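Secondary and tertiary structure notes
Below, each chain spelled out in residue letters.
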Amino acid sequence: MKIITIANQKGGVGKTTSAVTLAHGLAMTEHRTLLVDLDPQGHVAFALGAEKAPGLYRLIVDEDPIDQVAVQARENLDIIPGDKRTEKAKRTVVISNFPTEILSRILKHADYDVVILDMAPSLDVLHVSALMASDWVIIPTKLDAMAVDGVNEVLRSMGEVVERGHRLGYSILPTFFDRTTRETIVQLQALVDTFKGRVWPPIPQDTHAREAPAYGKSLWEYCSKSPAVMGYGTSLVAGYASTLKRTVEVICE
């Protein structure tokens, strides 16, 4: 089992869209996948047409087993839904004996090929616990200065985790790519210059990505040939880009 965290401390960069699209894409390629919502907004369930629910609260506070909390969202895809009670779960993590290890303990025996953690846009003990549990971090980022600064904040948090002896790889996923905007091009080039092969092919700006959650559908279901789907297919599932191909092999094999 591999655990992937989707994180950026800047909101509105496409974290949940990326998490849902990756999770459903892997499920469609016969990987048994669990998508865990760690954000009190509960948008993972909303995006897949399911009910928001205190999934993380039940795992942490009630100590219910994963197989009793997980909800089947699609074939090969289960979710741990979230809602406002995730904040209460977070407070329980803070006062626990080993707060940074709590997600590792909960997920240790999860019977899945891949677990994907969708983080809230914040830095707290739950964020650090997710990084400690993960094998890989995908950092979605809009191509503007504030979002790219969010990438640096995640990397600093990852550095603290690595200093504790935890091995952790990462990739950067540019989102909302608009080749007609100069800042977009400049920021993408800066990312590539700085992080080289860790930058995945960018996801084009696409209105379908905003529309799909309103219908409770993933992008694969809502518009399978939209620009964003083609971008995610290249960046997250199909492995056409050489950098991605190596990364998906690390994650899924």
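Quick caveat, the model's predicted, so the values are computed rather than measured. (Residues numbered from 1 in each chain as written. Predicted model: local features only at pLDDT ≥ 70, side-chain atom pairs only at ≥ 80, totals over all residues. Heavy atoms only, no water.)

**Section: the overall build of the protein**
Counting secondary structure elements, the protein contains 13 helices and seven strands. Expected size for 253 residues packed as a compact globule is a radius of gyration near 18 Å; at 17 Å, the protein falls within 12% of this value. By its C-alpha atoms, the protein is 50 × 40 × 35 Å across when sized along the principal axes. Out of the 253 residues in the protein, the part that is buried amounts to 53%. Taking the average location of the 27 positive side-chain charges in the protein and that of its 31 negative ones, the two points are 3 Å from each other. (Helix = DSSP H or I, 4+ residues; strand = E, 2+ residues; numbered from the N terminus. Rg over C-alpha atoms; globule rule 2.2 N^0.38 Å. Buried < 20%, exposed > 50% of the residue type's maximum accessible area, 1.4 Å probe, protein only. Lys, Arg positive; Asp, Glu negative; His and termini not counted. Charge placed at Lys NZ, Arg CZ, Asp CG, Glu CD.)

**Topic: the confidence of the model for the protein**
Detailed reading of the predicted model is not advised wherever pLDDT is low. Per-residue confidence for the protein averages 87 on the pLDDT scale, and 92% of its residues sit at or above 70. Averaged over each element, pLDDT in the protein is lowest for helix H13 (residues 242-252) (46) and highest for strand S4 (residues 77-80) (98). Confidence over residues 238-245 falls short of pLDDT 50; this stretch has 16 contacts with residues more than four positions distant or in other chains. (pLDDT = per-residue confidence, 0-100. Contact = heavy atoms within 4.5 Å.)

**A word on the packing of aromatic side chains**
Remark: the centre distance and the inter-plane angle together describe each pair of aromatic rings, the angle taken between the planes. Scanning the entire structure with this criterion turns up two aromatic pairs. Relative to Phe195, the ring of Tyr170 lies with its centre 6.5 Å away and its plane at 85°, an arrangement referred to as edge-to-face. Of this pair, Tyr170 sits in strand S7 (residues 169-175) while Phe195 is found in helix H9 (residues 182-195), placing the two residues 25 residues apart along the sequence. No difference in accessibility class separates Tyr170 from Phe195, as the two residues are buried. Relative to Tyr222, the ring of Tyr215 lies with its centre 5.4 Å away and its plane at 20°, an arrangement referred to as stacked. Here Tyr215 falls in the exposed class, since its relative accessible area comes to 56%. Overall, Tyr222 belongs to the partly exposed group, its relative accessible area being 25%. The ring of Phe176 is capped by Lys142, whose NZ or CZ atom sits 5.2 Å from the centre of that ring. (Phe/Tyr/Trp six-rings, centres within 6.5 Å; stacked < 30°, edge-to-face > 60°. Lys NZ or Arg CZ within 6 Å of the ring centre and 35° of its normal.)

**What about the sheet that holds S4?**
The strand order S3-S4-S2-S5-S1-S6-S7 describes an open sheet built from seven strands, whose pairing is mixed. The sheet is open, and its two borders are formed by strand S3 (71-74) and S7, each paired with just one other strand. This sheet shows a mean twist of 25° between the axes of neighbouring strands, independent of strand direction. Here five bridges tie strand S1 (residues 2-6) to strand S5 (residues 114-118), and the two strands are oriented parallel to one another. (Pairing = 2+ DSSP bridges. Axes fitted to C-alpha atoms, helices over the stretch in contact; angles between N-to-C directions.)

**Looking at the pattern of salt bridges**
Summed over all chains, the structure comprises seven salt bridges. The residue Asp64 makes a salt bridge to Arg58 at a minimum N-O spacing of 3.0 Å. Judged by relative accessible area, which is 21%, Asp64 ranks as partly exposed. A salt bridge links Glu153 to Arg156, with the nearest nitrogen and oxygen atoms 2.5 Å apart. Here Arg156 and Glu153 lie together in helix H8 (residues 145-163), a separation of three residues that amounts to about one turn. Here Glu153 falls in the partly exposed class, since its relative accessible area comes to 27%. Taken together, the salt bridges that share partners define one network made up of Glu87, Lys90 and Asp124. (Salt bridge = Lys/Arg side-chain N within 4 Å of Asp/Glu carboxyl O.)

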